[in-house]
Amino acid sequence: MKYQTIQRCRGAYPVQLMCRCLKVSRSGFHAWEQRPRSARAIDNARLLVRMRALHEGSDGVMGMPRMHEELGYEGETASPNRIARLMACEGLHGVPHRRAWRKKKSGVRPDTVRNHLERDFAANEPDTKWVTDITYIRTAEGWLYLCVVLDLYSKRVIGWAMADIQDRQLVLKAVLMALWQRSSKEPVILHSDRGTQFTSAEYQQFLQGHQLVCSMSAVGHCGDNAAAEGFFGLLKRERVNRRRYRTRDEARSDVFDYIECFHNPRMQRRLDARDQEYVALTQLSAKTG
């Protein structure tokens, strides 16, 4: 590790000075430098090329857990410790999550509505379980509100809408966009928190008219809608908190780019890899059976 540091910094500092500071011999460094690279070092160099590309493609926000996950989907078998070590050597870092606490007004859940998910965010088929929620984005012109609908099968954002105010129309536009992309007319569970937009009579009537089963969180249980909150956490950490939006239109454009050009394609790649793995396992089971 000391020799690697000297090699990396030799353009800025004299080799003799760095050897003395790190308490290694200059002859030892030159002998190490001329030694043929091991198979491990060659594989690390190959892996680093892909890691740099992934980190740059994520706008510099991808940390070790996400890097390990992405490489795993590409067929790499590198361990988390190895990836963390390589990222540290190259100065590749993720973006830490910034906590923000706020009070949120809740509505009264209708008597006929219950929590159908019960924190079970796994879905075996598309268009069976959806979650929705609203978040806010700061701009120099004021708040911009974003409502999204996620399919728990693919983790893709299948419906979204943005507006200057958070009202029922914002939610209905996002849900309507999701309905346009629905592949079947079978009932779908749509889960939300108890925001007044979701408890309104107009929203409830809209769901009933479109084969959507309303599901709502319990009071004070933010974990009941963790899937939607998790997406907003990624959006804020990876994009919004790293920007300063002068106008709402600027924020709209950037959020659109994150959803349609970064998040959804990434989720689709993971879904494709998962489907390929399932097909391979099915074929293997058929051969052995």
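Fair warning: this is a prediction, and the values are worked out from it, not measured in the lab.

A. Expanded view of the overall build of the protein. Along the backbone of the protein there are 11 helices and 5 strands. Computed over C-alpha atoms, the radius of gyration of the protein comes to 25 Å, more than 25% over the 19 Å expected from 2.2 N^0.38 for 289 residues, which places it beyond the range of a compact globule. Dimensions of the protein, computed from C-alpha atoms along their principal axes, come out at roughly 80 × 60 × 30 Å. In the protein, which comprises 289 residues, the proportion classed as buried is 41%. The long-range share in the protein, meaning contacts at least 24 apart out of those at least 6 apart in sequence, stands at 64%.

B. Structural detail: helix α9 (residues 201-208). Among all positions of α9, only Y203, Q204, F206 and L207 are buried. For α9, the angular spread of buried residues about the axis comes to 160 degrees, placing them on one side. The exposed set on the far side of α9, more than 90 degrees from its buried face, consists of A201, Q205 and Q208. For α9, the secondary structure elements touched by its buried residues are β1 (129-139), α7 (168-180), β4 (188-192), α8 (196-199) and β5 (212-216).

C. Structural context of the nonpolar core. Core analysis: the biggest nonpolar cluster contains 28 residues, and I137, L146, V148 and F231 have the highest contact counts within it. Residue assignment for this core shows that the elements contributing at least two residues are β1, β2 (142-151), β3 (157-163), α10 (226-238) and α11 (248-288). Here the element with the most residues in this core is α11; it accounts for 6 residues. Once you skip the residues sitting within four places of it in the chain, V148 turns out to touch V131, T132, D133, V157, G159, W160, F231 and F232. I134, A163, L170 and L172 belong to the second-largest nonpolar core, a separate cluster that totals 25 residues.

D. Quick look at the side chain of D193. Within the secondary structure layout, D193 lies in the loop between β4 and α8. Looking at D193, its side chain comes within polar contact range of the main-chain nitrogen of G195, at 3.0 Å.

Calculation notes
Residues numbered from 1 in each chain as written. Predicted model: local features only at pLDDT ≥ 70, side-chain atom pairs only at ≥ 80, totals over all residues. Heavy atoms only, no water. Helix = DSSP H or I, 4+ residues; strand = E, 2+ residues; numbered from the N terminus. Rg over C-alpha atoms; globule rule 2.2 N^0.38 Å. Buried < 20%, exposed > 50% of the residue type's maximum accessible area, 1.4 Å probe, protein only. Contact = heavy atoms within 4.5 Å. Arc of directions from axis to C-beta. Core = buried A, V, L, I, M, F, W, Y, C linked by side-chain atoms within 4.5 Å. Polar contact = N/O pair within 3.5 Å; in protein donor to acceptor, adjacent residues only side chain to side chain.

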